[in-house]
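Structural overview
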Amino acid sequence: MPRSTVCLSFDFDALSVWLAYDRPTPAMLARGEFGARVGVPRILDLLRSHGLDATFFVPGHTVESFPAETTSILEAGHEVGHHSYAHVDPSEQAADDERADMERAWAALEGIGVTPLGFRSPSADLSAVTLELVEERGFLYDSSLMADDYRPFRPRIGDRVARGVPLERGREARFWELPISFELDDWVHFQFNFSPYRRGGSTPGDVLEIWQAEFDWMDANVDGGVLTFTLHPQVIGRGSRIAMLDALIHHCGEAGATFRRLGDVARELDPLRDG
Ligand SMILES: [Zn+2]
């Protein structure tokens, strides 16, 4: 049976995720800055200690606000993917604004020598045109959807569905989807917030139990499965959670998993397209 793959992906949102709220305050922004000051260096140290490659989705706003930290990610050999410019939920944007934001982020990445292979939607949501924009821009993969768990798939563009009307399937996209899930997202488990209220505060042990069980089931039942974790430097960067991530890496590594960048997985699925 082909070995299991684990993809560690880090959404380096920094300030951008808080600026997307209605009323960002200095205290909220400080929480984002933690990701740059503490989270990224701590994550890079951990990855280096294991000799692992990972993927960082970096909004254009972060690229331009924290250039040294972004450069340190590239210099360590990790992939940098597209995560919008301003981290605004695409489902709340007009199509023209969404396109302009995508182009601005693309330019910011090109400015540091990156041609992104992959896109991850901010806020884990999509507008009616997001997938068309992703295809039009020539991305090799998207990593924002949850229609599968351990298997990459080609998402559909142009589905038609409404209450009382059955699904009419659209066509398959030219890019791959490397699926995510809220169960494998550190923000959902750990990140407390006053407004909008998020409970957060899970113990690292409880989350490790879920994440290891997800890996174990996939490893036992799915040929060549791919498990993608969505992590945020401002969340996973706390000491207790870095220790938990270290334990997860040990667990999956001892079972024989390979750790790969999402872009490498997508390239292997689609060898005819150059990236
Ligand atoms: Zn994000």
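Residues numbered from 1 in each chain as written. Predicted model: local features only at pLDDT ≥ 70, side-chain atom pairs only at ≥ 80, totals over all residues. Heavy atoms only, no water.

**Description of the coordination of the zinc ion**
Protein ligation of the zinc ion involves Asp 13 (OD), Asp 13 (OD), His 83 (NE2) and His 87 (NE2), the donor distances falling in the range 2.0 to 2.5 Å. Seen from the zinc ion, its four donor atoms lie at angles of 54 to 137°, and the figure they make is irregular. Along the chain, the residues that donate to the zinc ion are spaced as D-x69-H-x3-H. Of the two residues, Asp 13 is situated in the loop between strand E1 (5-11) and helix H1 (16-19) and His 87 in the loop between strand E3 (79-82) and helix H5 (95-111); the sequence distance between them amounts to 74 residues. Note on accessibility: Asp 13 and His 87 belong to one class, buried. (Donors = N, O, S within 2.8 Å, 3.2 Å for Na, K, Ca; no water. Tetrahedral: all angles 85-135°; square planar, octahedral: opposite > 155°, others 65-115°. Helix = DSSP H or I, 4+ residues; strand = E, 2+ residues; numbered from the N terminus. Buried < 20%, exposed > 50% of the residue type's maximum accessible area, 1.4 Å probe, protein only.)

**Considerations on the packing of helix H2 (residues 26-50) against helix H4 (residues 67-75)**
A pair of packed helices is characterised by two quantities: the angle between their axes and the separation of those axes. Between H2 and H4, the least distance of the axes is 11 Å, while the angle of their chain directions is 10°. Taken together, H2 and H4 sit at an angle that is classed as roughly parallel. Within the contact between the two elements, H2 uses Ala 36, Val 40 and Leu 44 and H4 uses Glu 69, Ser 72 and Ile 73. For the contact of H2 with H4, the class distribution of residues is four nonpolar, one polar and one charged. (Axes fitted to C-alpha atoms, helices over the stretch in contact; angles between N-to-C directions. Parallel < 35°, antiparallel > 145°, perpendicular 65-115°, else oblique. Contact = heavy atoms within 4.5 Å. Nonpolar A, V, L, I, M, F, W, Y, C, P; charged D, E, K, R; others polar.)

**Let's talk about the state of the cysteines**
Disulfide: a covalent bond formed between the sulfur atoms of two cysteine residues. For the structure on display, the rule yields zero disulfides. Of all cysteine sulfurs, the one in Cys 252 lies closest to Cys 7, which takes part in no disulfide; the gap is 11 Å. In this structure Cys 7 comes out as buried when scored by relative accessible area, which is 0%. Under the relative-accessibility criterion, Cys 252 is labelled buried at 0%. (Disulfide = S-S within 2.5 Å.)

**Digging into the nonpolar core**
One finds Leu 8, Phe 10, Phe 56, Phe 229 and Leu 245 to be the most contacted residues of the largest nonpolar core, which totals 50 residues. If one sorts the elements of this core by residue count, H2 sits on top with seven residues. (Core = buried A, V, L, I, M, F, W, Y, C linked by side-chain atoms within 4.5 Å.)

**Notes on the environment of Pro 2**
With respect to the secondary-structure elements, Pro 2 resides in the segment before E1. The spacing of Pro 2 and Gly 225 is 223 residues in sequence and 8.2 Å in space, taken between C-alpha atoms. Apart from residues no more than four positions distant in its own chain, Pro 2 is found in contact with Asp 223 and Gly 224.

**Some thoughts on helix H10 (residues 239-254)**
Between the first and last C-alpha of H10 there are 23 Å, a value that for 16 residues agrees with the 22 Å anticipated at 1.5 Å per step. Here H10 has its buried residues at Arg 241, Ile 242, Met 244, Leu 245, Leu 248, Ile 249 and Cys 252. Along the axis of H10, the buried residues cluster in a sector spanning 155°; they form a single face. Phi for Gly 256, located one or two positions after H10, is positive at around 100°. (Expected span 1.5 Å × (residues − 1). Arc of directions from axis to C-beta.)

**What about the side chain of Ser 16?**
Here Ser 16 is to be found in helix H1. You can call Ser 16 buried: its relative accessible area is 0%. Setting aside its immediate chain neighbours within four residues, Ser 16 contacts Pro 59, His 61, Thr 62, Ala 86 and His 87.

**What to know about empty space enclosed by the protein**
Under the defined criterion, the tally for this structure stands at one cavity of 30 Å³ or more. Here the element with the most residues in the lining of the largest cavity is H5; it accounts for three residues. Looking at the lining of the largest cavity residue by residue, the class counts come to five nonpolar, three polar and two charged. (1 Å grid on protein atoms, 1.4 Å probe; cavity = no way out; pocket = protein on both sides within 12 Å on 5 of 7 lines; lining within 4 Å. Points joined across faces, edges and corners; volume = space filled by probe spheres on them.)

**What to know about the layout of surface pockets**
What the largest pocket holds in volume is close to 650 Å³. Around the largest pocket sit 26 residues that line it, and Val 17, Tyr 21, His 87, Ser 123 and Arg 198 are the ones nearest its centre. Here the residues of the lining of the largest pocket sort into eleven nonpolar, seven polar and eight charged. Its volume calculated, the second largest pocket comes out at about 240 Å³. Lining the second largest pocket are 14 residues, with Leu 126, Ser 127, Ala 128, Leu 131 and Leu 145 positioned closest to its centre. The set of elements that each furnish at least two residues to the lining of the second largest pocket consists of helix H6 (130-136) and strand E6 (156-157). The biggest single contributor to the lining of the second largest pocket is H6, with three residues. Class assignment of the residues belonging to the lining of the second largest pocket gives a composition of seven nonpolar, four polar and three charged.

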